[in-house]
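Next come the chains, spelled out residue by residue.
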Amino acid sequence: MDNINSDTPQPKTLFNFNNIKIFKNPHILDTGYVPDVLVGRDDEIRAVADIFYPIFIHGTPGHAFIYGPPGAGKTVVLEHVFRQLYLEAESSGNFPDGLNLKHITVSCKKHDTTVRILMYLIAELGYTGKVSKRGVTSGYYYDIFYKALKEKSYSLTIIFDEIDRLRDDNILYNFSRSGELKDLNEGQFIHIIGVSNSGLFINSLDPRVDSSMQRETIIFPPYNEDQLIQILNMRVPLAFYPNVVSEDTVNRCAKEAAEDEGDARRAIYLLQTAGHIAIKTSCYTVQPAHVVLAAQKIKEDISLQFVLNMSYQEKFVLLAMLNTDIYLKKGKYFTTGDVYRIYYDMCKFVGEEEFSLAAISQKVSKFKMMGIVNANTTSKGRGGLTSQIVFIGDPTTLKNAIFKDGKFIRFVTYVPDVKKICSTQIW
Ligand SMILES: Nc1ncnc2c1ncn2[C@@H]1O[C@H](COP(=O)(O)OP(=O)(O)OP(=O)(O)O)[C@@H](O)[C@H]1O
């Protein structure tokens, strides 16, 4: 008798990729890798270096805000300038004796309050004394921070990454005045660089903070396709074996990334993912078709990530929107009212209590902010307003991601009675 599994022969090994050699040094494609030469960023490097120029005439560096879209090279330019600064500080005859430079990057996404930031800085300074975690005010942490800084005699540049996420800008005010307030040793300084994807943050700064900082503003434009090609071409011979990546493949990655805000990180990530797909599909070269698959995979991963981080209610409303798109979309778009009808029907279908139309509107606005949908507000006559909603890209991946949550299995058989829904007044 035939073996029942004979139609699904198992591979002899799980990890033998036919000795396919694609990556020579995969770390060259890591985000943290700082290349020796940066493409198209001479002006920005000069502008950032100029912030530090006063050090070499025995002054203090100027505070600065740097902004530009994701993957525009803000972090890598800062790292490049610091690398050079430390190097030149050692050899320059103009560098002040005893000046001990250090920089720390604070992610404001993770550390968004004064206390959290101070605790992080204290740890990064290697402070070994006892630090209470309860029943103390921010003043307590400031005291320990300045004590640690004085002990180490560092002159510190603090880079506030994603500074727009800071919940309280008082810390910028206090740090920018630390010299005047004699919190530091003679010649020691605290220097602030804020980094953001949006220039709008500057307008929302407390004017008192802004004026005390007297900061420079440096803007990073997105990369164009040619620059992205050059960025990739510099990494290809270091990261891949010879003749593995063709010109067409590089061009395809650059084109995709140029269309997506000129993001160098995306261009590099596409190439890296395409390389992995080549290995897994037993190809000896990375081809443009692998880049297309890589773009699709990245999109699915992002959708999955978005959806995994959503609350149950958000997933519910998103599923209602996806169902509206499938069952009710009459033309190009659907409205918040349409979503509410389907949402209401889904609640009845599974016996769940429904939220108000206003609550659903709020969720729609949030999805717009997350970049999942476009929603333009228009008049619907008699003074009322409605949103015209349309999904950005193919929503199938979002739906697949929602169904990964077991709680949504009960919706698999949901099909609305469209006629009834359209004729029922539910609010
Ligand atoms: N001019 C360049 N030359 C070579 N590589 C670059 C250049 N610009 C950016 N990169 C690379 O692209 C990736 C993203 O750059 P970087 O992290 O500096 O962007 P960013 O502007 O800080 O982005 P975000 O705002 O999302 O943090 C990194 O791997 C970096 O090394």
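Residues numbered from 1 in each chain as written. Predicted model: local features only at pLDDT ≥ 70, side-chain atom pairs only at ≥ 80, totals over all residues. Heavy atoms only, no water.

Draft legend 1. Layout of the domain arrangement of the chain. Taken domain by domain, the chain holds domain 1 (41-219), domain 2 (223-307) and domain 3 (310-423). With centres defined by C-alpha atoms, the gap from domain 2 to domain 3 works out at 34 Å. Between domain 2 and domain 3, the contact holds 7 residues from the first and 11 residues from the second. Approximately 780 Å² of surface area, both sides summed, lies buried where domain 2 meets domain 3, with 72% of it carried by carbon and sulfur atoms. Summed over the three residues of domain 2 that lose the most area to domain 3, namely Leu 304, Phe 306 and Val 307, the buried surface amounts to 71% of that side. Seen at the junction of domain 2 and domain 3, the total is 0 salt bridges. Applying the counting criterion to the domain 2 and domain 3 interface returns 2 residue pairs in polar contact (both at pLDDT 80 or more). (Domains from an automatic or database assignment. Contact = heavy atoms within 4.5 Å. Buried area = accessible area lost by both parts, 1.4 Å probe. Salt bridge = Lys/Arg side-chain N within 4 Å of Asp/Glu carboxyl O. Polar contact = N/O pair within 3.5 Å; in protein donor to acceptor, adjacent residues only side chain to side chain.)

Draft legend 2. Structural detail: the packing of aromatic side chains. Enumeration over the complete set of coordinates arrives at 19 aromatic pairs. On the basis of an interplanar angle of 25° and a centroid distance of 6.0 Å, the ring pair of Phe 82 and Tyr 86 is categorised as stacked. Of this pair, Phe 82 and Tyr 86 both sit in helix H2 (residues 74-91), separated by 4 residues, roughly a single helical turn. Given a relative accessible area of 2%, Phe 82 falls into the buried group. Ring geometry for Tyr 142 versus Phe 175: centroids 6.2 Å apart, planes at 85°, classification edge-to-face. With Tyr 142 in helix H4 (residues 138-152) and Phe 175 in helix H5 (residues 170-176), this pair connects stretches of sequence that are 33 residues apart. One aromatic cluster in this structure is built from Tyr 312, Phe 316, Tyr 340, Tyr 343, Tyr 344, Phe 408 and Phe 411. Its guanidinium or amino end placed over the ring of Tyr 154, Lys 102 lies 5.3 Å from that ring's centre, counting from NZ or CZ. Above the face of the Tyr 173 ring, Arg 208 is positioned so that its terminal group lies 4.0 Å from the ring centre. (Phe/Tyr/Trp six-rings, centres within 6.5 Å; stacked < 30°, edge-to-face > 60°. Helix = DSSP H or I, 4+ residues; strand = E, 2+ residues; numbered from the N terminus. Buried < 20%, exposed > 50% of the residue type's maximum accessible area, 1.4 Å probe, protein only. Lys NZ or Arg CZ within 6 Å of the ring centre and 35° of its normal.)

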